[in-house]
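Fold and contact review
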Amino acid sequence: MRALVWALVICLGLSGCVSLKEFFSPAPAAPPLRSAPAPVEPPAPPVPPPVAPAMVTPPAPPPPPEPSPSPPPSVLSPQVSTEEDARVRGDAQNRMTGTETLLRQVGSKKLGGQQQENFRIIESLLASAKDALYARDTLRARTLAEKAYLLAEDLVRSLR
């Protein structure tokens, strides 16, 4: 049998058309045939990873209900009597009215740079005084109204 293999190898070697390397190498793959495309299967849905029993969390509690609109929170301010509170409220309202009158006299159109800024500050103080009065913080409202009034007087004087 050995002699037969050697005889075959020698015959192939002498033939010249096939080398030993090509003889022992596998046949080339046939080109792919053109056929209808294979049906595409939809991907499988993802499988959630298993959850260990120790990692199970309880369901989240429901969100708290929306808070209903309530009156403004109480303000920490000095306690004053009812009569004193009424007097302070009247003072604040008088100053706010006086400030609004002065601002109407000024008119923001004829103001320069710094005067325009002062006009905005006065309006802001006036708005804050109204908010404080609404929140029943009469002392704060009076203080803010007084500041707004004094700045408005100064602004009017600077325009004369």
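See above for the structure.
Residues numbered from 1 in each chain as written. Predicted model: local features only at pLDDT ≥ 70, side-chain atom pairs only at ≥ 80, totals over all residues. Heavy atoms only, no water.

**Comments concerning helix H5 (residues 138–159)**
- If you check H5, its first and last C-alpha atoms are 32 Å apart, about what 22 residues at 1.5 Å a residue would give, namely 32 Å.
- Along H5, the positions that sit buried rather than exposed are Thr-138, Ala-141, Leu-144, Ala-145, Ala-148, Tyr-149, Ala-152, Leu-155 and Val-156. Angularly, the buried residues of H5 cover 140° about the axis, an arc narrow enough to put them on a single face.
- Packing partners of the buried residues in H5 comprise helix H3 (82–106) and helix H4 (113–134). (Helix = DSSP H or I, 4+ residues; strand = E, 2+ residues; numbered from the N terminus. Expected span 1.5 Å × (residues − 1). Buried < 20%, exposed > 50% of the residue type's maximum accessible area, 1.4 Å probe, protein only. Arc of directions from axis to C-beta. Contact = heavy atoms within 4.5 Å.)

**Brief notes about the nonpolar core**
- Met-96, Val-106, Phe-119, Ile-122 and Leu-155 are the most contacted members of the largest nonpolar core, which totals 21 residues.
- For this core, the secondary structure elements donating two or more residues are H3, H4 and H5.
- Element by element, the count of residues in this core is highest for H5, at eight residues.
- Excluding anything up to four places from it in sequence, Ile-122 contacts Thr-99, Leu-103, Ala-148, Leu-151, Ala-152 and Leu-155. (Core = buried A, V, L, I, M, F, W, Y, C linked by side-chain atoms within 4.5 Å.)

**Description of the side chain of Thr-138**
- Along the chain, Thr-138 turns up in helix H5.
- Aside from chain neighbours lying at most four places away, what touches Thr-138 is Asp-85, Val-88, Arg-89 and Leu-133.

**A look at H3**
- With 25 residues, H3 ought to run about 36 Å at 1.5 Å a step, and its terminal C-alpha atoms sit 36 Å apart, in line with that.
- Within H3, burial applies to Val-88, Ala-92, Met-96, Gly-98, Thr-99, Leu-102, Leu-103 and Val-106.
- On its buried face, H3 is in contact with H4 and H5.

**Regarding the pattern of salt bridges**
- On inspection of all chains with the given rule, the structure shows seven salt bridges.
- Put simply, Lys-130 and Glu-100 hold a salt bridge, and the shortest N to O gap is 2.8 Å. With Lys-130 in helix H4 and Glu-100 in helix H3, this pair connects stretches of sequence that are 30 residues apart.
- Residue Glu-100 is classed as partly exposed on the basis of its relative accessible area, which comes to 25%.
- Each of Glu-84, Arg-87, Asp-91 and Arg-142 takes part in salt bridges that share partners, so that together they form one network. (Salt bridge = Lys/Arg side-chain N within 4 Å of Asp/Glu carboxyl O.)

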